[in-house]
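# Chain and residue survey
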Amino acid sequence: MRHGRLAALLALAAALAFVPNVQDATGFPTFYLVYSYFLFFWIAQSTSWNILSGYTGYFSFGQGAFYGLGVYTAGDLLTREGINYFVTIPIAGALGGVLAAAVGALAFRLGSLRGEIFALLTLAVTFTLSAIAQLSTWVDGGQGISIAVPPYPSFLGEYQDLIYRLGLAVATLSVVVAFLIQNSRFGWGLFAIRDEEDVAEELGVPTFRYKMLAISVSGFLGSLSGAVAALQIGYLTPEGVFNLTVPLLVVVMSVLGGRRHWLGPVIGAVVIYSLQERLTNSGLGDWGQVVLGSILVLIILFAPEGLHERLRRQPRRAVASGVALVVATVASGLAGWGIASDWLSTGLIAGTAVLLVGRPAARGSGKRRRPLDASHAGDAAVP
Amino acid sequence: MNTYLQAGVSGVMIGGLYGVMALGLSLTWGLLKVINLAHFALILGSAYVTYQLTTSTGVDPLVSVLVVTPGMFAVGVAVHWVIERFHVDELSSLLLSFGLFIVAIQLINNIWSADFRQIEAAENPYATRAVFIGDIAFPVPQLMALGTALVFAAVGFYVLRRTYFGKALRAIAYDREIAGAYGVDHRRIGMLTAGLASALAAVAGVLIGINQAVFPQLALEWVGLIFTVVILGGIGNLLGAVAAGILIGLVSSQVGVAWTPLGAPVVVFSLLILALLFRPNGLFGRLGE
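Residues numbered from 1 in each chain as written. Chains lettered and ligands numbered in written order. Predicted model: local features only at pLDDT ≥ 70, side-chain atom pairs only at ≥ 80, totals over all residues.

### Things to note about the overall build of chain B
In plain terms, the rule: Numbering of helices and strands runs from the N terminus, with a helix taken as a DSSP run of H or I at least four residues long and a strand as a DSSP run of E at least two residues long. Each radius of gyration reported is based on C-alpha atoms, and the globular scaling rule is 2.2 Å times the count of residues to the power 0.38.
The secondary structure content of chain B amounts to 11 helices and 2 strands. Along chain B, from the amino end to the carboxyl end, the secondary structure elements read α-α-α-α-β-β-α-α-α-α-α-α-α. Relative to a compact globule of 289 residues, whose C-alpha radius of gyration would be 19 Å, chain B shows 19 Å and is just as compact. With the C-alpha coordinates of chain B rotated into their principal frame, the extents come out at 60 × 45 × 30 Å.

Rendered as C-alpha cells:
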C-alpha cells in the first residue's frame, strides 16, 4: 500500500515532467506551465512548512527566512560570483538547513520556547534577515538584483520549461520526503511531540533530536524551493523577497488543507493558489486578500481540522470538488473566451470552495461520519 | 553631542507612541490569552478615520477620538464574542486575527488607495508646533503620544491592581475555572477587556494620524516592532510595555545616528531574538509582577 502510493506519486511526477514536450508539440498556452510552476512552488513551500509546524505543532512564521535565504543565495552566487546555477541550488538548500538548525538549536534547548513565543522567534529571524539584506551591499543593499538567464543543458527545453521542471523536481522531493516522514518511526515521534511533548519525552521519544531533524529538513526544502524561485522572480528586492506573503500563505494553505497529513498542504496550496490566481486574472485582485483572509477566518472557526480530514470522511465530495477544480483550471487558460472564461472559472472555484467546506462536520452531519478512530487510523500508523 | 541628544529625545517620544500601540495588544495577550494581530489594523483604521474626518469636515483631529474610540470598542467586543463562542485557543486566535488583519488592510487599501495620506498642515493645529528647551525641540504631537502612554500605563496599572475589574481580570488570567467558581463572569470581563484594548488601539490611531502620514503597508511594519515592545515589556505588563517602547525608541534613534537608520531594525530584532531566548517573560516580568 505504502510502496504503491509512493510509486504512483513518482509516476505522476515523471509524467508531469513531459508536459513541456507536449506543449511544444501541441502548442497549448504557456500560461499552463507558469501556472503549474507556481502550484509546484506553493506545494513545496507549504509542505516544507508542514514538516516542521504541522507535524511537530511548533508553529513557525519564519518560512520567509528559509525561502528568502534560498532566493538570495542563488541570486547572489549566480550574479556576483558567477557560480553555476545548478551548483547554487544545493548550496542554498544546505544554507537553509544550517539556518534552520541554528534556530532550532537555540529554540529547542529552552523548554519555555513553545507555542506563540516560538512563532514570534521565527518571525523575528525573518525580519532580521530582511534588515540584513537591506543593509549589506553584498546581499542586496537596496539596489535589487536582476538575474540573467543562466546557461543550462539544452535538453531541458526553453527557459520556462526549465523553471517548470525544476519546480516540479523540488515539489516532488518535498512531498516524497513528507510522505516518508509521516510513514516512519520519526514521523510517529513528531506526531507524539505535537500531541503531548512532555509525555513523548517520558516515553522515550528523543524529542530534541527529532525536532532538530524536522526543522532542518524544513529549512532545507524551503531554501531549495527559494533557489528555484529566484529564476522565476528574475528581479530580487529585499521588500519583494522578505515580505510576509510566503510565511502567511503557507500557513493559510496548510491550515486549510490540513496539518496532520502530507496531502493536506498539497490540497491547500492547489486550492488557495488557484483561487488567488483566478481572482487576480478576473480583475478582482483588489479583493484577493479579502477573500483569503475570510477563508482563513472561516476555516479556523468551522473546520480547524482542515479540508483533507473532511474530504476523507466524504469521498464523493472530494471527487466532485477535484473535478470542478480541474475544469475551472482548464477553462481559465482557454484563450478567446475572454471575460466569460474568467468569470466561469472563478465561479467554479468559488463553487468548489463551498462544496469543500460545506456543512460544519462537527454539527449536524452525523449520518455519514465514520467513528473518529477509524478515520484517524491512517494518521500515525507505525510501519 | 547635540545630535545624539536631540535624537535621543525624539526616540523617547516616538517610543511613547510605540508604547500606546503596544498597550492593547499586551492587555489581551497577557490577560485574555488572545494574540490579536488585528490590533494593528484597528490602529491603522482609526488613523485613516482621523485623517478622513479632519480632511472632510475640518474639525480638530482630536475630535475623532469621540468617534473611533466607541467604534473600535464595539469591534473589539464583537470579535471577542466570536472568539468565546467558538472556543478559539491562543494559537488559533493568532490565525483568526491574522485573517481579519489582511481583510482589513486590503479594505483600507481599496478605500483610500495605497498612497500616503496625511492631514494637511493647515488643518492640523499640532503638526508644526514644538516646545523648545535650549536647542532641543519637543514636537507637540510626539509629546502628546508620550504623555498618553505614561497616563494610560499608570491608569491601567492602578486599575489592574486596585479595582474589582482589575482583580477579576487577573484572576481569570491565572485560572479561569477557579475564578468562575468564585463568581467572576469571565465572558463579561473578557468582552469588556477586549473592548478596552481596541479602544486603546483607537487612541493610538488618532495619535498616529496626528503624527505622521499613513499608508496601508504601515501596519505590516508595525507588527515586528510592536511585538518586540510587548515581549520586551513582559506580556500583560502595561508599565513594562511603555518602558520597553521608550527603550526601543531610544535604541533605534541612537543606532540611527551612530550608524545608519537601516541598521536600527537589525539591532531591534536582534534584541528581540535575545529577549525571546533568555528573557521570554520580558525585561520586567509578566502581568506587572
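### Observations concerning the overall build of chain A
Note the following rule: Buried residues are those with 20 or more other C-beta atoms within 10 Å of their own C-beta, exposed residues have 12 or fewer, and partly exposed residues lie in between; C-beta atoms are placed from the backbone. The contact criterion used is a C-beta to C-beta distance within 7 Å, with each C-beta placed from the backbone.
A count of helical and extended segments in chain A gives 17 helices and 2 strands. Relative to its full complement of 383 residues, chain A shows a buried share of 48%. Relative to all contacts within chain A whose residues are 6 or more apart in sequence, the contacts with residues 24 or more apart total 78%.

### Here's the deal with the interface of chain A and chain B
This is how the line gets drawn: Asp, Glu, Lys and Arg are counted as charged, while Ala, Val, Leu, Ile, Met, Phe, Trp, Tyr, Cys and Pro are counted as nonpolar; the rest, among them Gly, fall into the polar class.
Listed by partner, the interface residues are 34 residues for chain A and 32 residues for chain B. For the side of chain A that touches chain B, the secondary-structure elements that each account for two or more residues are α6 (116-135), α11 (245-257) and α13 (285-302) of chain A. Looking at which element gives the most residues to the side of chain A that touches chain B, the answer is α6 of chain A, with 13 residues. Among the residues forming the side of chain A that touches chain B, the class breakdown is 25 nonpolar, 7 polar and 2 charged.

### Considering the pairing of strand β1 (residues 130-133) of chain B
Within a regular beta strand, the side chains point alternately toward one face of the sheet and then the other, so they alternate between its two faces. All names here are of chain B. Put simply, the rule is: A pair of strands is considered paired only if DSSP assigns at least 2 bridges between the two.
Across 4 bridges, β1 lies against strand β2 (residues 136-139) in antiparallel orientation. Looking at the pairing, Val131 lines up with Phe138 of β2. Linking two consecutive strands that pair antiparallel, namely β1 and β2, is a turn of 2 residues; a positive phi of about 65° is found at Gly134 within it.

### A look at the packing of helix α5 (residues 140-162) of chain B against helix α6 (residues 164-174) of chain B
Residues and elements named next belong to chain B. How we decide: Orientation is described by axes fitted as lines to C-alpha atoms, over the contacting stretch for helices, and by angles from 0 to 180 degrees between their N-to-C directions. Angle categories are assigned with fixed cut-offs, so that under 35 degrees is roughly parallel, over 145 is roughly antiparallel, 65 to 115 is roughly perpendicular, and the rest are oblique.
Where α5 meets α6, the axes come as close as 5 Å, and the angle between the chain directions of the two elements is 75°. Taken together, the axes of α5 and α6 are roughly perpendicular relative to one another. Where α5 approaches α6, its residues Val159, Leu160, Arg161 and Arg162 are matched on the opposing element by Phe165, Gly166, Leu169 and Arg170. Partitioning the contact of α5 with α6 into residue classes produces 4 nonpolar, 1 polar and 3 charged.

### Thoughts on helix α9 (residues 207-233) of chain A
All names here are of chain A. Defined as follows: Given the number of residues in a helix, its expected span is that number minus one, multiplied by 1.5 Å. Here the bend at a residue is taken as the angle between two axes, fitted respectively to the seven residues that end there and the seven that start there.
Here α9 contains 27 residues, and its C-alpha end-to-end distance of 38 Å stays within 8% of the 39 Å for a straight helix at 1.5 Å per residue. Taking the largest bend as the criterion, α9 deviates by roughly 25°, centred on Ala227. Of all 27 residues in α9, 20 are buried; the element is thus mostly enclosed. After α9 finishes, the residue Gly234 shows a positive phi value of roughly 85°.

### Some points on helix α3 (residues 65-85) of chain B
Its 21 residues give α3 of chain B an end-to-end C-alpha distance of 30 Å, which sits within 8% of 30 Å, the value for a rise of 1.5 Å per residue. Of the residues making up α3 of chain B, those classed as buried are Val68, Thr69, Met72, Phe73, Val75, Gly76, Val79, His80 and Ile83 of chain B.

### A closer look at unusual backbone geometry
Residues and elements named next belong to chain B. If you check the backbone angles, Lys33 has positive phi at about 60° while not being a glycine. Its place among the elements puts Lys33 in the loop between α1 (2-32) and α2 (38-57). Within the chain, His87 stands out as a residue other than glycine whose phi angle is a positive 50°.

### Some points on the confidence of the model for chain B
Any segment with low pLDDT has predicted coordinates that should not be analysed in fine detail. Our working rule: Each residue gets a pLDDT score, which is the predictor's confidence in that residue and runs from 0 to 100.
When pLDDT is averaged across chain B, the result is 89; 99% of the residues are at 70 or more. Interface predicted TM-score (ipTM) for the complex: 0.85; the corresponding pTM is 0.84.

### Points about the environment of Val149 of chain A
Residue and element names in this part refer to chain A. Here Val149 is to be found in the loop between β1 (145-146) and α7 (159-182). Looking at Val149, the number of C-beta atoms within 10 Å reads 10, which means it is exposed. With 71 residues separating them in the primary sequence, Val149 and Leu78 have C-alpha atoms 10.0 Å apart.

### Digging into the confidence of the model for chain A
The share of residues in chain A with pLDDT of 70 or more is 84%, and the mean pLDDT across the chain is 83. Overall, residues 360-383 of chain A carries pLDDT values under 50, and its contacts beyond four positions in sequence, including any with other chains, amount to 22 contacts.

### Quick word on the packing of α6 of chain A against helix α11 (residues 263-278) of chain B
Rules: A crossing counts as left-handed when the near helix is turned anticlockwise from the far one by less than a right angle, and as right-handed when that turn is clockwise.
The N-to-C vectors of α6 of chain A and α11 of chain B enclose an angle of 155°; their axes lie 8 Å apart at closest approach. Put simply, α6 of chain A runs roughly antiparallel to α11 of chain B. For the pair α6 of chain A and α11 of chain B, the crossing hand works out as left-handed. Along its contact with α6 of chain A, which presents Ile117, Leu120, Leu121, Ala124, Val125, Phe127, Thr128, Ala131, Ile132 and Leu135 of chain A, the element α11 of chain B presents Gly263, Pro265, Val266, Phe269, Ser270, Leu272, Ile273 and Leu276 of chain B.

### Section: the environment of Trp222 of chain B
All names here are of chain B. By the secondary structure assignment, Trp222 is in helix α9 (residues 218-233). As for Trp222 and Ala22, which are separated by 200 residues in sequence, their C-alpha atoms are 9.9 Å apart. When residues no more than four places from it in sequence are discounted, the contact partners of Trp222 are Met21 and Phe40.

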